[in-house]
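# A closer look at the structure
The chain contents come next:
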Amino acid sequence: MLKNFGQQIRVVREQRNISLNKFAKELEVSPAYLSNLENGKTDSIKLEVLWKLQSRLQVLGLECTEADTEFQYRLNRVTHNLIQLEKHQPAFANYLLEITEKGIDVYLKS
């Protein structure tokens, strides 16, 4: 489970343009520990680090399983974010969803 979890941490960290060293400092862990976590080279994670990760990246609110791929994780994240966006900016959320649907339809018809 931690291997997949670590990969998800890296994806979100990189999407938010946070360097490994800066993020390790924010979590109060060594860059080596964070690297090992992201690469699935550690079998445990301290609870305090888990809470900091949840707070900083908000990754634990998303459904994830060992079988999830990076694509599935990103799709879940986009879905979660679209639902949140719809609560505050429904027109913009629907616009983004419509553009995505149209793009997929165009591609599948070609």
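The coordinates are above.
Residues numbered from 1 in each chain as written. Predicted model: local features only at pLDDT ≥ 70, side-chain atom pairs only at ≥ 80, totals over all residues. Heavy atoms only, no water.

On to the overall build of the protein chain. Each helix and strand in the protein chain was counted, giving six helices and zero strands. Ordering the α and β elements of the protein chain from the N terminus gives α-α-α-α-α-α. Considering the protein chain as a whole, with its 110 residues, one finds that 25% of them fall into the buried category. Summing over all exposed atoms, the protein chain offers an accessible surface of approximately 7,800 Å²; the carbon and sulfur share of this is 55%. (Helix = DSSP H or I, 4+ residues; strand = E, 2+ residues; numbered from the N terminus. Buried < 20%, exposed > 50% of the residue type's maximum accessible area, 1.4 Å probe, protein only. Areas by Shrake-Rupley, 256 points an atom, 1.4 Å probe, with all protein chains shown as cover.)

We now examine the nonpolar core. Formed by 13 residues in total, the largest nonpolar core has its most connected members in Ile9, Phe23, Leu27, Val29, Leu34, Leu53 and Leu57. Listing elements by their share of this core, those giving two or more residues are α1 (2-15), α2 (20-27), α3 (31-38) and α4 (47-57). Dropping the residues within four chain positions of it, Leu27 is found in contact with Leu34, Lys52 and Leu53. (Core = buried A, V, L, I, M, F, W, Y, C linked by side-chain atoms within 4.5 Å. Contact = heavy atoms within 4.5 Å.)

Moving on to the packing of α2 against α3. Between α2 and α3, the shortest axis-to-axis distance is 8 Å and the interhelical angle comes to 105°. When the axis of α2 is compared with that of α3, the two are roughly perpendicular. Across from Leu20, Asn21, Phe23, Ala24 and Leu27 in α2, the residues of α3 making contact are Pro31, Leu34, Ser35 and Glu38. Broken down by class, the residue content of the contact of α2 with α3 amounts to six nonpolar, two polar and one charged. (Axes fitted to C-alpha atoms, helices over the stretch in contact; angles between N-to-C directions. Parallel < 35°, antiparallel > 145°, perpendicular 65-115°, else oblique. Nonpolar A, V, L, I, M, F, W, Y, C, P; charged D, E, K, R; others polar.)

Turning next to the packing of aromatic side chains. Summed over the entire model, instances satisfying the criterion amount to one aromatic pair. Summarising the aromatic geometry, the rings of Phe92 and Tyr95 are spaced 6.3 Å apart at their centres and angled 20° between planes, so their arrangement reads as stacked. Taken together, the residues Phe92 and Tyr95, both in helix α6 (residues 90-109) and three residues apart, mark about one turn of the helix. Classification of Phe92 as partly exposed rests on a relative accessible area of 42%. Its relative accessible area of 47% is what places Tyr95 among the partly exposed residues. (Phe/Tyr/Trp six-rings, centres within 6.5 Å; stacked < 30°, edge-to-face > 60°.)

Now for α3. For α3, the full list of buried residues reads Leu34, Leu37 and Glu38. Seen end-on, α3 carries its buried residues on one side only, within an arc spanning 95°. Trailing α3 by a residue or two, Gly40 shows a phi angle of about 70°, which is positive. (Arc of directions from axis to C-beta.)

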